[in-house]
Amino acid sequence: MGSLCCRENKDNAKRPTSPSQVTLADKTHERCLNKELMYKNEVEKLGKQVMDLEKLTKDKDKEITTLKENHYQQMEEEIQEHEYERKVLDKNISKQREQIRELREEYDTHLTRCLNKELMYKNEVEKLGKQVMDLEKLTKDKDKEITTLKENHYQQMEEEIQE
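Residues numbered from 1 in each chain as written. Predicted model: local features only at pLDDT ≥ 70, side-chain atom pairs only at ≥ 80, totals over all residues. Heavy atoms only, no water.

Colleague: Describe the overall build of the chain, listing the residues and the values that go with them.
Modeller: Secondary structure assignment for the chain yields two helices and zero strands. A total of 163 residues make up the chain; the buried ones form 18% of that total. If you take every contact in the chain between residues at least 6 apart in sequence, the share linking residues at least 24 apart comes to 78%. Just so you have it, the chain exposes about 12900 Å², and 53% of that area is on carbon and sulfur atoms. (Helix = DSSP H or I, 4+ residues; strand = E, 2+ residues; numbered from the N terminus. Buried < 20%, exposed > 50% of the residue type's maximum accessible area, 1.4 Å probe, protein only. Contact = heavy atoms within 4.5 Å. Areas by Shrake-Rupley, 256 points an atom, 1.4 Å probe, with all protein chains shown as cover.)

Take a look at the structure:
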């Protein structure tokens, strides 16, 4: 399945830069990685169990064949018992495969949520950055206006003093 981390293939230039935004993004990323590791471990564990059950199934199939060839009539009851165990193993394999499928779906859902949150944070950071730039421009304009007013006031005072 491979790693599908919420930070893979992202444009580094668009990552949050302020400490609080970086901390928030890091915490989100850490939760994503923890969930990914949990799902990966669970899938690996269930995959190994499936392989073990498949090996057991293969072994049981061999036992059934041997018993049928050598002692068909005498061992009919034992053969039926092994066939029942085989059916139980098949059911367990099916259940485990379904659990793997469900875990993969849950992981995919979690990953999508993680990626959506990261996009939301990125958009919010960009919006706040634009607001800061707008406020800085407004401040600069106000500073110019204040300077102009002071210069005009001083000039007017000079003129009044000279009169």
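Colleague: Now, about a nonpolar patch on the surface: what can you tell me, with residues and values included?
Modeller: Taken together, the side chains of Tyr154, Met157 and Ile161 present a nonpolar region at the surface, about 350 Å² in accessible area. With respect to the element layout, isoleucine 161 can be found in helix α2 (residues 76–162). Here isoleucine 161 falls in the exposed class, since its relative accessible area comes to 63%. (Patch = residues over 30% accessible without salt bridge, like charges linked within 9 Å, V, L, I, M, F, W, Y side chains within 5 Å. Salt bridge = Lys/Arg side-chain N within 4 Å of Asp/Glu carboxyl O.)

Colleague: Describe the packing of aromatic side chains, and please don't skip the residues or the numbers.
Modeller: A full pass over the atoms with the stated rule returns one aromatic pair. Taking 5.5 Å as the distance between ring centres and 75° as the angle between the ring planes, the aromatic pair formed by tyrosine 39 and tyrosine 107 counts as edge-to-face. One end of the pair, tyrosine 39, is in helix α1 (residues 19–71); the other, tyrosine 107, is in helix α2, and 68 residues separate them in sequence. Judged by its relative accessible area of 4%, tyrosine 107 falls in the buried class. (Phe/Tyr/Trp six-rings, centres within 6.5 Å; stacked < 30°, edge-to-face > 60°.)

Colleague: Provide a residue-level description of a negative patch on the surface, including the pertinent values.
Modeller: On the surface, a cluster of negative charge is contributed by Glu63, Glu77, Glu78 and Glu81. Here the negative patch gets three residues from one element, more than from any other, and that element is α2. Among the secondary structure elements, glutamate 81 is positioned in helix α2. Glutamate 81 gets classed as partly exposed once you look at its relative accessible area, which sits at 48%. (Lys, Arg positive; Asp, Glu negative; His and termini not counted. Charge placed at Lys NZ, Arg CZ, Asp CG, Glu CD.)

Colleague: Explain the nonpolar core to me, using residue names and the numbers behind them.
Modeller: Formed by 13 residues in total, the largest nonpolar core has its most connected members in Ile100 and Leu103. Only α1 and α2 provide two or more residues apiece to this core. Considering each element in turn, this core owes the most residues, seven residues, to α2. Not counting residues within four places of it along the chain, the set of residues in contact with leucine 103 comprises Tyr39, Glu42, Val43 and Leu46. (Core = buried A, V, L, I, M, F, W, Y, C linked by side-chain atoms within 4.5 Å.)

Colleague: Lay out the state of the cysteines with the relevant residues and their values.
Modeller: Counted under the stated rule, the structure contains zero disulfides. Not engaged in a disulfide, the cysteine cysteine 32 finds its nearest cysteine sulfur in cysteine 114; these two sulfurs lie 3.5 Å apart. Cysteine 114 sits in the buried class, given a relative accessible area of 6%. (Disulfide = S-S within 2.5 Å.)

Colleague: A description of the pattern of salt bridges should follow, citing residues and the corresponding values.
Modeller: The full count for this structure, using the stated rule, is 13 salt bridges. The partner of lysine 60 in a salt bridge is glutamate 85, and the shortest N-O contact between them spans 2.9 Å. Separated by 25 residues along the polypeptide, lysine 60 in helix α1 and glutamate 85 in helix α2 bring together distant segments of the chain. One salt bridge connects glutamate 105 with arginine 101, and the closest N-O pair in it is separated by 2.1 Å. Within this pair, glutamate 105 and its partner arginine 101 are both found in helix α2, separated by four residues, close to a single helical turn. In this structure glutamate 105 comes out as partly exposed when scored by relative accessible area, which is 42%. Residue arginine 101 is classed as partly exposed on the basis of its relative accessible area, which comes to 36%. Each of Asp61, Arg86 and Asp90 takes part in salt bridges that share partners, so that together they form one network.

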